[in-house]
Each structure stands twice: as structure tokens, then as C-alpha cells.
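Structural overview for review
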Amino acid sequence: MRTHHRQHPHFSQHSITPNAGPKCQNSTANSGLLSEFVYSENQPALTQLLLPLLHHLGEQSRWLLWLTPTQKLSRRWLAQSGLPVDKIVQVSQLQGIASVDAMERALLTGNYSVVLGWLPELNDTDRKRLQVAAEVGGSYGFIMKPQISPFCVDGQPPAVKIHSSVYH
């Protein structure tokens, strides 16, 4: 059996040569990411999964932005978590579509290494807008979604709460 080497334009020698392309000035260019982070208030997912990433991104010269519902971040919790308190910006009390616009603008600027947003339910168009904004700004965007348990004892959904020490 003989095999033939076919040259495909997207696998050309030029495309895999280490110094073939132009160098980017910003090391985060083209590294934007948008993801949804679904968490339960009864599990420490924020501290176990997200905090190590936030620590790493906090080492950059850029800011970390929290677009939160009505709660205010606790400076004590931020300091205890090892996050750079002087690089964190919080915008709270956003309502509806304005919060999607705010997240898009923040991601587009490239001033933030990560933008965490507690947003309303998104449609495909809004998701695409945020994905493009994250890529353009070279930022990480996390759409934070608290998981609401369908099994409530008293019939009422649980309150949105990340961690008691995270907010004042």
C-alpha cells in the first residue's frame, strides 16, 4: 500500500514555521474567550475552579471586572482570596439588556483581562456579540449562571447567593 503526501494550503510549511507570522504586541490578542459558568450556591465551585484562573489573570496589568446583580463585593473576601483588590472593578445594579451592553463594551475595550457578568437569559445574537467582543478585546468573559434547584422545600426558589463571605 502506498500513501501519498498531499499538500493542503492550511497545512503548508509556512503556516507551521515558528517565526513565519507577524508578532502581536499584546500577548492576549486573539485569545478571547466567552463561557458560561453555572454554579450552585451549595458547592464551592467559585473558589475551587474560578479563583485559580482569576489569580492568574490578576497578574496581568489589566483589570478584573465584576458586573454583578445587587450585591456588593467584600474587600475582605477579595483580600483573603488573594485577588488583587486594587485591580478589581465592580459595577452593580445593572438591569436587563443594559448589562449585556455593558459586558460587550467592557470586553471590547481590552482593558480587562476578565469580565464576569451576571446576565439575564441570552439569545444567540447576544452570545455571538459577546464572543466577538471577547476575541477583539483579548479578554475572558464569563456569564455567571446560578443554578436554581427545582426541589425547593417551601416552593420558593432559593436566593441567588455565591458565598456568604464574598459579598457584604
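Residues numbered from 1 in each chain as written. Predicted model: local features only at pLDDT ≥ 70, side-chain atom pairs only at ≥ 80, totals over all residues. Heavy atoms only, no water.

Another aspect to go through is the pattern of salt bridges. One pass over the full model with this rule turns up five salt bridges. As a salt-bridge pair, Arg127 and Glu36 come within 2.6 Å of each other at their nearest N and O atoms. Pair noted here: Arg127 is in helix α5 (residues 124–137) and Glu36 is in strand β1 (residues 33–39), with a separation of 91 residues, a long-range link. For Arg127, a relative accessible area of 25% gives the class partly exposed. Several salt bridges converge on common partners, so that one network encompasses Asp101, Glu104, Asp126 and Arg129. (Salt bridge = Lys/Arg side-chain N within 4 Å of Asp/Glu carboxyl O. Helix = DSSP H or I, 4+ residues; strand = E, 2+ residues; numbered from the N terminus. Buried < 20%, exposed > 50% of the residue type's maximum accessible area, 1.4 Å probe, protein only.)

Under the defined criterion, the tally for this structure stands at three aromatic pairs. Between the aromatic rings of Trp66 and Trp77, the centroid separation amounts to 6.3 Å while the plane-to-plane angle is 85°, which identifies the pairing as edge-to-face. Linking Trp66 in strand β2 (residues 63–67) with Trp77 in helix α3 (residues 75–80), this pair joins segments that are eleven residues apart in sequence. Each member of the pair, Trp66 as well as Trp77, is classed as buried. Taking the centre distance of 5.9 Å and the plane angle of 20° together, the rings of Trp66 and Trp118 count as stacked. Here Trp118 lies in the loop between β4 (112–117) and α5 and Trp66 lies in strand β2, a separation of 52 residues in the sequence. An identical accessibility class is assigned to Trp66 and Trp118; each is buried. Grouped by ring-pair contacts, the aromatic residues Trp66, Trp77 and Trp118 constitute a single cluster. (Phe/Tyr/Trp six-rings, centres within 6.5 Å; stacked < 30°, edge-to-face > 60°.)

Attention shifts here to the confidence of the model for the protein chain. Predicted coordinates in areas of low pLDDT are best not read in detail. Per-residue confidence for the protein chain gives a mean pLDDT of 76, with 67% of residues at or over 70. Predicted confidence in the protein chain is weakest over helix α1 (residues 13–16), with a mean pLDDT of 33, and strongest over α5, with 97. Below pLDDT 50 for its whole length, residues 1–29 participates in seven contacts with residues either more than four positions away or in separate chains. The model gives residues 152–164 a pLDDT under 50, and that stretch makes 18 contacts with residues more than four places away or in other chains. (pLDDT = per-residue confidence, 0-100. Contact = heavy atoms within 4.5 Å.)

This part is about the nonpolar core. One finds Leu54, Trp66, Leu83, Leu116 and Met144 to be the most contacted residues of the largest nonpolar core, which totals 18 residues. The set of elements that each furnish at least two residues to this core consists of β1, α2 (45–58), β2, α3, β4 and β5 (140–146). Looking at this core element by element, the count peaks at four residues for α2. Setting aside residues up to four positions removed in sequence, Trp66 forms contacts with Leu54, Leu73, Trp77, Leu83, Ile88, Val89, Gln90, Val91, Leu116 and Trp118. Ala106, Leu122, Leu130 and Ile143 belong to the second-largest nonpolar core, a separate cluster that totals 15 residues. (Core = buried A, V, L, I, M, F, W, Y, C linked by side-chain atoms within 4.5 Å.)

Looking now at the side chain of Ser113. The residue Ser113 is located in strand β4 in this model. Polar contacts involving the side chain of Ser113 include one to the main-chain carbonyl oxygen of Leu57, which spans 3.4 Å. In contact with Ser113, not counting residues within four places along its chain, are Leu57, Gln60, Arg62, Trp63, Leu64, Ser139 and Tyr140. (Polar contact = N/O pair within 3.5 Å; in protein donor to acceptor, adjacent residues only side chain to side chain.)

Let us look at the sheet that holds β5. If you trace the five strands from one edge of the open sheet to the other, you get β1-β5-β4-β2-β3, paired in parallel fashion. Two strands in the sheet have a free side with no partner beyond their single neighbour: β1 and β3 (88–91). Ignoring which end each strand starts from, the neighbouring axes of this sheet average 20° apart. The pairing of β1 with β5 spans seven bridges and is classified as parallel. In the sheet register, Leu33 faces β5, and the bridge partner there is Tyr140. Contacting β1 and β5, α5 crosses the sheet at an angle of about 120° to β1. (Pairing = 2+ DSSP bridges. Axes fitted to C-alpha atoms, helices over the stretch in contact; angles between N-to-C directions.)

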